[in-house]
Amino acid sequence: MKVANILCMGAGYVGGPTMAVIADRCPGLRVTVCDIDAGRIAQWNSDRLPVYEPGLEEVVRRTRGRNLFFQVLSPEAIAQADLIFVSVNTPTKTYGEGAGMAADLRYWDSSAREILAHATGETVVVEKSTVPVRTAEAISEILHTHADGRRFFVLSNPEFLAEGTAVRDLERPDRVLIGHEGSEGSRAAAEALAAIYRQWVPEERILLSGVWSSELAKLAANAFLAQRVSSINAVSAICEKTGADIGEISQAIGMDPRIGGAFLEAGVGFGGSCFRKDILNLAYLCGQYGLQEVAAYWKGVVELNDYQIARFARLVVESQFNTVAGKRIAIFGFTFKPGTNDTRDSPAIGVCRHLLEERACLAITDPQGLAHAREELQGAAPEVEFEPDPYRAAQGAHAVVLLTHWPEFAGLDYRRIFAAMEKPAFFFDGRRQLDAALLHEIGFNVYAVGSPPKTRF
Ligand code: UDX
Ligand code: UDX
């Protein structure tokens, strides 16, 4: 099976960077990235890309117009493709059966129908989006209803990149997982896809598996990662009550090689487009198969995360003498993690909404996330300022609430910030980024997640 033309449907956080790296590493391939959103395509073809990722601009500059092309989805693009990645979004369903839990597959379904309408000859269709287990089977059924002599092979190739490190993760992946249906043709299709990755990924990191294992592995990987965050956050709540310190605990338990040190940073909670969605999807799937106890176990991970966000937001109000009404509060960081402009499901959304309900006036600062923050908090306008300069955001504020550990925040002059604030000045460190002892010495009342507060009264 020969692959020369690749198409990706969906030019989002996953599709855009993934295709840019494939084009960069495989100059012999022609890679076209399509989207139904013409505005998004225009951004990909401009100097200001719609996705902020360190290193991405350089890769796009090298490849765009050479063997990487961004265009609005067209029948010709589908007809010319030998292999089609589908990377459209699969949000949590908001309607009907499974609302609030199951994955909404309508974009996947319509993409499959577009492929069926316009593909020619033999086409490999690759699931890049996270999808419920057995989606490949359903897609395969749609594609084979009116194949008319054409052949389709559906593979699962989940993406494990993390935002903020996407380019590095794509260039040096821990593993590339390719699920196939087991038939001879499907195996050959998986081999053709593996051959693309072999151009820069060591052979031993490319795993071939059954298609359902591949689909479930993606959900399980995200569930395990999120579960670690909820576990350490659960311990952080005990720390705050008992006077133990979560930083010391993370270090002590992380040195056990069976536990490992990664993903043990306590904080205001996890966010992003994947963790909540994938766990709820996993729990829904378990429920569908009658595995209620398993579903409840995974749902607990999300519930603990919601608790952590609410707990932190309440702490901000309670510590300031139970009222923030009319008080200016500076929010440092709105994206769900540093290194991205993505604010989807960011804990900042919940914290800010809670403070707004308590009638606080917010001044939000973020190095990359202000445009999306504005969209997330639409309607709250007069009470919210969006301020690129953190010093200005903190000017006259009663409190600074740090929600994303952007390196930019570590380098600020906190004596200057303290001097310009109302007194008593409060600092709530939702990411344990800053030196609490130093902030306390400057004069702040400091509340860091997972540590006893350092107050001045
Ligand atoms: C991806 C995966 O698809 C999702 O399943 C995974 O869990 C997270 O990562 P992401 O790239 O982050 O999603 O989503 P997004 O940035 O929203 O991009 C999806 C793109 O697909 C959008 O640009 C949207 O316009 C496009 N789209 C959507 C299509 O081109 N066709 C459609 O029918 C629907
Ligand atoms: C995640 C997975 O890591 C990735 O493999 C998958 O493909 C997509 O989902 P992403 O959501 O981009 O990636 O970021 P990640 O680094 O996993 O962080 C998710 C959230 O967990 C962030 O809000 C982060 O701040 C939080 N987190 C992470 C913690 O609170 N503590 C930690 O120790 C680690």
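Above this text you will find the structure in question.
Residues numbered from 1 in each chain as written. Chains lettered and ligands numbered in written order. Predicted model: local features only at pLDDT ≥ 70, side-chain atom pairs only at ≥ 80, totals over all residues. Heavy atoms only, no water.

Okay, the overall build of the protein chain next. On a plain count of helices and strands, the protein chain comes out with 18 helices and 14 strands. For the protein chain, the C-alpha radius of gyration of 24 Å lies close to 23 Å, the compact-globule estimate for 457 residues. Across the protein chain, contacts joining residues at least 24 apart in sequence account for 72% of those joining residues at least 6 apart. Averaging the positions of the 46 positive and the 56 negative side-chain charges in the protein chain gives two centres separated by 3 Å. (Helix = DSSP H or I, 4+ residues; strand = E, 2+ residues; numbered from the N terminus. Rg over C-alpha atoms; globule rule 2.2 N^0.38 Å. Contact = heavy atoms within 4.5 Å. Lys, Arg positive; Asp, Glu negative; His and termini not counted. Charge placed at Lys NZ, Arg CZ, Asp CG, Glu CD.)

By the element assignment, Pro75 lies in helix H4 (residues 75-80). Taking C-alpha positions, Pro75 is 8.4 Å from Ile115, a pair spaced 40 residues apart along the chain.

On to the site of ligand 2. Among the 19 residues in the neighbourhood of ligand 2, the closest are listed as Phe160, Leu161, Glu163, Phe336 and Lys337. In the model, an oxygen atom of ligand 2 is placed 2.7 Å from a nitrogen or oxygen of the Glu163 main chain. In this structure, an oxygen atom belonging to ligand 2 sits 2.8 Å away from a side-chain N or O atom of Lys337. The leading source of residues in the shell around ligand 2 is helix H9 (residues 211-242), at four residues. Tallied by class, residues from the shell around ligand 2 come to 11 nonpolar, two polar and six charged. (Near = heavy atom within 4 Å. Polar contact = N/O pair within 3.5 Å; in protein donor to acceptor, adjacent residues only side chain to side chain. Nonpolar A, V, L, I, M, F, W, Y, C, P; charged D, E, K, R; others polar.)

Relative to the assigned elements, Thr123 resides in strand E5 (residues 122-127). Expressed as a C-alpha distance, the spacing of Thr123 and Ile84, which sit 39 residues apart in the sequence, is 7.3 Å. Beyond its immediate sequence surroundings of up to four residues, Thr123 is in contact with Ala81, Asp82, Ile84, Arg151, Phe152 and Phe153.

Right, let's get into the site of ligand 1. Contacts to ligand 1 come from 21 residues, most closely from Asp35, Arg40, Val88, Thr90 and Lys277. Val88 is positioned such that a nitrogen or oxygen atom in its backbone is 2.7 Å from an oxygen atom of ligand 1. With respect to ligand 1, the side chain of Thr90 contributes an N or O atom lying 2.7 Å from an oxygen atom. Protein coverage of the free-state accessible area of ligand 1, which is 680 Å², stands at 90%. Classifying every residue of the shell around ligand 1 by side-chain character gives seven nonpolar, nine polar and five charged. (Areas by Shrake-Rupley, 256 points an atom, 1.4 Å probe, with all protein chains shown as cover.)

Here the focus is the nonpolar core. Core analysis: the biggest nonpolar cluster contains 45 residues, and Ile6, Ile22 and Phe85 have the highest contact counts within it. If one sorts the elements of this core by residue count, helix H8 (residues 184-197) sits on top with seven residues. Setting aside chain neighbours within four positions, we find Phe85 in contact with Ile6, Leu7, Cys8, Met9, Met19, Ile22, Val126, Lys128, Asn157, Leu193 and Tyr197. Listed in part, the 37 residues of the second largest apolar core include Ile309, Val324, Val351 and Phe428. (Core = buried A, V, L, I, M, F, W, Y, C linked by side-chain atoms within 4.5 Å. Buried < 20%, exposed > 50% of the residue type's maximum accessible area, 1.4 Å probe, protein only.)

Along strand E9 (residues 328-332), five of the five residues are buried, which leaves the element largely enclosed by surrounding structure. Here E9 shows a buried face lined by Arg328, Ala330 and Phe332 and a second buried face lined by Ile329 and Ile331. Sheet topology places E9 next to strand E10 (residues 361-365); five bridges connect them, and they run parallel. Paired with Ile331 across the bridge in E10 is Ile364. The parallel pair E9 and E10 is bridged by helix H13 (residues 347-357), and the resulting crossover is right-handed. (Pairing = 2+ DSSP bridges. Right-handed = clockwise from strand over helix to strand, strands pointing away.)

Here we take up a nonpolar patch on the surface. Residues Tyr289, Leu291 and Val294 make up a contiguous nonpolar surface patch of about 290 Å² in total accessible area. Tracing the chain through its elements places Tyr289 in the loop between helix H11 (275-288) and helix H12 (292-319). (Patch = residues over 30% accessible without salt bridge, like charges linked within 9 Å, V, L, I, M, F, W, Y side chains within 5 Å. Salt bridge = Lys/Arg side-chain N within 4 Å of Asp/Glu carboxyl O.)

Spanning 14 residues, H11 covers 20 Å between terminal C-alpha atoms, matching the ideal 20 Å at 1.5 Å per step. Most of H11 is tucked away: 11 of the 14 residues are buried. Within H11 the residues assigned to the buried category are Phe275, Lys277, Asp278, Ile279, Leu280, Asn281, Leu282, Ala283, Tyr284, Leu285 and Cys286. Those residues of H11 hidden inside the fold are in contact with H9 and H12. (Expected span 1.5 Å × (residues − 1).)

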